[in-house]
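# Structural overview for review
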Amino acid sequence: MFQHQHPRKLLLSFAVAGITSLTLYGCQLGKEETKVDPNHSAVKLSLNLPASMTGADSSSTSARGMHLAATRSSPCWYPGVADEEPFRNGYNMNKFMVSAVATWTCVADTAIEIVNYVPHDGDIHHTKNDTQADNYKSDEPTHYSVSDDTATQTTVRLYYGYDRATPPTADSHPGFFLAWNKTSDDDLAGRIVFDAMEVNPQRENKEDPVIMRMDFTYSAQQKFATMYLQFDDNNPWADGLRIEVTQDLLANPLNQVFTARGLMAMKAQFSPADGISELPRLQMFTVADQLGEGATAAEFADLSLALPLNASSGNHLGNYLFTKTDLYFFDADQSTSEPWDYIYKTVTASTYRGGRTTPASGGTWLPFDPSQDMIINALQLDANYFTGSACAAVGDDCNALLNAIIRDGFAGQEKNQGADPGDWRSSAIAAPAYLSTVYPNGSDWTDAFTMEFTPAP
């Protein structure tokens, strides 16, 4: 119902750039080295997220492997959802967002493993990717440095586009930054920053995310990662995206182990409609057990919807501002055609904003040019709908109309089906705690992507 051609392509093309850089970085080093510190290999950021949260099917390894053939054999590719469907429903939105966290924690693990084999001297070294060579690749690093800042903290910086004759200096801005501080077997904290503008300033799609930051804090009790993405100023509708994933290491594995929250800050409506100036909010709250059975509550708030019926005759059912909530109780097994137990989508608030030209009667189904009475009958609305205060005047409540449309599987969406199982999932998403801001400081992007990390005392 809320499809847009760009969102997942933007996010995952951004992630693929990071994957490509990191995986190829390992074979672009200027010389072979022996392993520096075997203890570093104990650092693992990947959250072991179930396939039901990242978009892979139940045989995720083989499914991911098939997908990798087209993505330079990256070990960090998580499929999320189909390109055109990230916001088709709340469950797709969950997979779209969580797959990004799965990707980047895996990217970090790749980098951490690689730097076990290079000197931790803080010097800037060149890779085999020479800007003067015929096989130079602009999206792969030309230089790198690894430093042990303290006895417990290591920092990795990758630089892009520098000639060997004029290498980067300590004041140069890296395209990729990763720092982690491990104080015990269980306690780990750090940050990743990936600057797409630095890596590929000539990128083709000016609507892509321009920079990403992910903070992580792991302990014996839980693993927690939060990601911030800022979109290019040229993106007409999206400002930023924030995703949080928590893994409870002490929970019953058949109860709430994983919790994911997501929020997208918007600059405009996906599909603008006359008479609507509000900005939408897209927010998600998901829970899952260790095996991948879980539930998603997603709220698409203040969305615009235009319902043109026949352009030739000028038949338009009007413009609407509404809020829709999606509940999806999903299975661990994603290999079936219907990998869910219960779906309940409902419009919780709506207002008519004008623009209706549909005649009261006299319409036809073939050609498709229906009138109000036909729509009332087809959607089983009250006989007096579209009159009085029943979605007739600007500002009226139109929940009955929009819920009837959703009930019938509008725009190819799954219809409401199944019954609330009344298990732990029902309690876990009864009152979802949505994120309140996409910004680290709560108000804007100021200092959000500084390439430095100081662990909390």
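Values in this document were obtained by computation on a predicted structure and should not be read as measured data.

### Side note on the overall build of the protein chain
Along its length, the protein chain carries eight helices and 14 strands. Taken across its 457 residues, the protein chain has 55% of its residues classed as buried. Expressed as a percentage of contacts within the protein chain between residues at least 6 apart in sequence, the contacts between residues at least 24 apart total 64%. On the protein chain, roughly 19,000 Å² of surface is accessible, and the fraction owed to carbon and sulfur atoms is 49%.

### Points about helix α7 (residues 399-407)
Given 3.6 residues per turn, any residue in an α-helix points the same way as the ones three and four places further on. Listed in full, the buried residues belonging to α7 are Asn399, Leu401, Leu402, Ala404, Ile405 and Ile406. Those residues of α7 hidden inside the fold are in contact with β11 (294-310), β12 (315-330) and β13 (340-352).

### As for the confidence of the model for the protein chain
Averaged over all residues, the pLDDT of the protein chain is 85; the fraction at 70 or higher stands at 82%. Contacts from residues 16-20, a stretch scored under 50 in pLDDT, to residues over four places away or in other chains number 13 contacts. In the model, residues 57-73 has pLDDT below 50 throughout and makes 20 contacts with residues more than four positions away in sequence or in other chains.

### Concerning a nonpolar patch on the surface
A contiguous nonpolar patch, built from Trp365, Leu366 and Phe368 and spanning about 380 Å² of accessible area, is present on the exposed surface. Among the structural elements, Phe368 can be located in the loop between β13 and α6 (372-378).

### Brief notes about the nonpolar core
Ranked by size, the top nonpolar core spans 86 residues in total, and within it Phe176, Leu178 and Leu401 carry the most contacts. Broken down by element, this core gets its largest block of residues, 14 residues, from helix α4 (residues 90-114). Setting aside anything within four residues of it in sequence, one finds Leu178 in contact with Ala108, Ala111, Ile112, Thr154, Thr155, Val156, Arg191, Ile192 and Phe216.

### Section: the state of the cysteines
On inspection of all chains with the given rule, the structure shows one disulfide. Each disulfide pairs two cysteine sulfurs, and for Cys391 the partner residue is Cys398, the sulfurs being separated by 2.0 Å. Its torsion about the S-S bond being 95°, the disulfide of Cys391 and Cys398 is classed as right-handed. For Cys391, a relative accessible area of 0% puts it in the buried group. Since its relative accessible area comes to 0%, Cys398 is described here as buried.

### Considering α4
Compared with an ideal rise of 1.5 Å per residue, which puts 25 residues at 36 Å, α4 spans 37 Å between its outermost C-alpha atoms and is within 8% of the ideal. Of all 25 residues in α4, 24 are buried, a share of seventy percent or more. The N-cap of α4, judged by a side-chain oxygen 3.1 Å from the amide nitrogen of Tyr91 a few residues on, is Asn89.

### Observations concerning the pattern of salt bridges
Summed over the entire model, instances satisfying the criterion amount to 10 salt bridges. Residues Glu278 and Arg353 are paired through a salt bridge, measuring 2.7 Å at the closest nitrogen-oxygen approach. Residue Glu278 is located in the loop between β9 (258-266) and β10 (281-288), and its partner Arg353 is located in the loop between β13 and α6; the two are separated by 75 residues in the primary sequence. Assessed through its relative accessible area of 22%, Arg353 is described here as partly exposed. Among the ionic pairs, Asp326 bridges to Lys324, the shortest N-O distance being 2.6 Å. Note on accessibility: Asp326 and Lys324 belong to one class, buried.

### Considering the side chain of Asp195
Structurally, Asp195 can be placed in strand β5 (residues 188-195). Within the structure, the side chain of Asp195 is placed 3.0 Å from the side chain of His173, a separation counted as a polar contact. Of note is the side chain of Asp195, whose polar atom sits 3.0 Å from the backbone nitrogen of Met197. Excluding residues within four positions of it along the chain, Asp195 makes contact with His173, Pro174, Gly175, Val210, Ile211 and Met451.

### Re the pairing of β13
The side chains of a regular strand alternate between both faces of the sheet. For β12 and β13, the ladder comprises 11 bridges, and the chain directions are antiparallel. Considered in β13, the bridge of Tyr320 is made with Tyr352.

Parameters at a glance
- Residues numbered from 1 in each chain as written.
- Predicted model: local features only at pLDDT ≥ 70, side-chain atom pairs only at ≥ 80, totals over all residues.
- Heavy atoms only, no water.
- Helix = DSSP H or I, 4+ residues; strand = E, 2+ residues; numbered from the N terminus.
- Buried < 20%, exposed > 50% of the residue type's maximum accessible area, 1.4 Å probe, protein only.
- Contact = heavy atoms within 4.5 Å.
- Areas by Shrake-Rupley, 256 points an atom, 1.4 Å probe, with all protein chains shown as cover.
- pLDDT = per-residue confidence, 0-100.
- Patch = residues over 30% accessible without salt bridge, like charges linked within 9 Å, V, L, I, M, F, W, Y side chains within 5 Å.
- Salt bridge = Lys/Arg side-chain N within 4 Å of Asp/Glu carboxyl O.
- Core = buried A, V, L, I, M, F, W, Y, C linked by side-chain atoms within 4.5 Å.
- Disulfide = S-S within 2.5 Å.
- Expected span 1.5 Å × (residues − 1).
- Polar contact = N/O pair within 3.5 Å; in protein donor to acceptor, adjacent residues only side chain to side chain.
- Pairing = 2+ DSSP bridges.

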